[in-house]
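Listed below are the residues making up each chain.
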Amino acid sequence: MTRTHWAAITAVVLALLFAGAATVASAGGETPAPRTPGTDSPDAGFARDMSVHHQQAVEMSFIVRDRTKDEGVRRLAYDIANTQANQRGMMLGWLDLWGLPKVVAGSAPMEWMRSDTDAASGHGSGHGGHGSGAAGDDRLMPGMATKDELNRLGELSGKQAEVFYLQLMINHHNGGVAMAQGCADLCTVGVERELARGMVDAQRSEVELMVDLLKKRGAEPLA
């Protein structure tokens, strides 16, 4: 079981404990219930954006699963798809719990990291440099593959598919790490911060693994 799986399990347990403590505190009248994050808060922004980011990782992993017979790459792809699909479900569930939309019309991706003001806490974010995608293409968030890159992955097979998948996923993970670190620094909901920290650690570890897999195939990460 990967560290990301443990992070997901821990997040669920913490969420249940968090909800139970809030109920008891509210019933006893001793302390106010935790404030629900706002629509423009880092908590909600991260949940929305990382859900989209994770969905593409799941899509790429399913593509390569059908384009190679290499068991090592197939296991990695399955692990990434399974873990990120579960985490995506958790984040979308939090948005439902908070009564917040999963899509906000007119809101640009990564605004919760670029904003000078933390809508939830009133503190400056200090993360203006993380939210920019590559200029001139259709990337929406850091590390995301373009439609052309996804189409190319679907056309390759064997070693070529393995190499291109690993290259795309390394970039994808690196972008995800930057986003997760932003939540670890800015989010106010403890269980969400813990999940984000788990993502940082697990995806950095997987990047090291993927770089090694590329080297064994005589390839390097994309520039």
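Attention in this report is confined to the structure presented alongside it. Predicted, not measured: the structure shown is a model, and the values here were computed from it. (Residues numbered from 1 in each chain as written. Predicted model: local features only at pLDDT ≥ 70, side-chain atom pairs only at ≥ 80, totals over all residues. Heavy atoms only, no water.)

**Structural notes on the packing of aromatic side chains**
We describe a pair of aromatic rings using the distance from one ring centre to the other and the angle between the two ring planes. The final tally for this structure, using the stated rule, is 2 aromatic pairs. Consider the rings of F46 and W112, whose centres lie 5.7 Å apart with planes at 80°: the pair is edge-to-face. Here the residue F46 occupies a position in helix α2 (residues 42-65), and W112 occupies one in helix α4 (residues 111-114), the gap between them amounting to 66 residues. Given a relative accessible area of 0%, F46 falls into the buried group. A relative accessible area of 6% means that W112 is categorised as buried. The interplanar angle of 20° and the centroid separation of 6.4 Å between the aromatic rings of W94 and W98 together place this pair among those described as stacked. On the criterion of helical spacing, the pair formed by W94 and W98 is a turn pair, its members being 4 residues apart in helix α3 (residues 71-98). With respect to class, W94 is no different from W98; both count as buried. Taking the ring centre of F164 as reference, the NZ or CZ of R152 above it sits at 4.1 Å. (Phe/Tyr/Trp six-rings, centres within 6.5 Å; stacked < 30°, edge-to-face > 60°. Helix = DSSP H or I, 4+ residues; strand = E, 2+ residues; numbered from the N terminus. Buried < 20%, exposed > 50% of the residue type's maximum accessible area, 1.4 Å probe, protein only. Lys NZ or Arg CZ within 6 Å of the ring centre and 35° of its normal.)

**Regarding the nonpolar core**
Ranked by size, the top nonpolar core spans 28 residues in total, and within it F46, M50, M91, W94, L95, A180 and M199 carry the most contacts. Every element with two or more residues in this core is listed here: α2, α3, α4, α6 (158-186) and α7 (190-216). When residues in this core are grouped by element, the largest group, 6 residues, is from α3. Residue contacts for M199: discarding those within four places in its chain leaves F46, M50, H54, Q87, M91, A180 and R204. Formed by 25 residues, the second largest nonpolar core is a distinct cluster that contains L76, A145, L153 and L166. (Core = buried A, V, L, I, M, F, W, Y, C linked by side-chain atoms within 4.5 Å. Contact = heavy atoms within 4.5 Å.)

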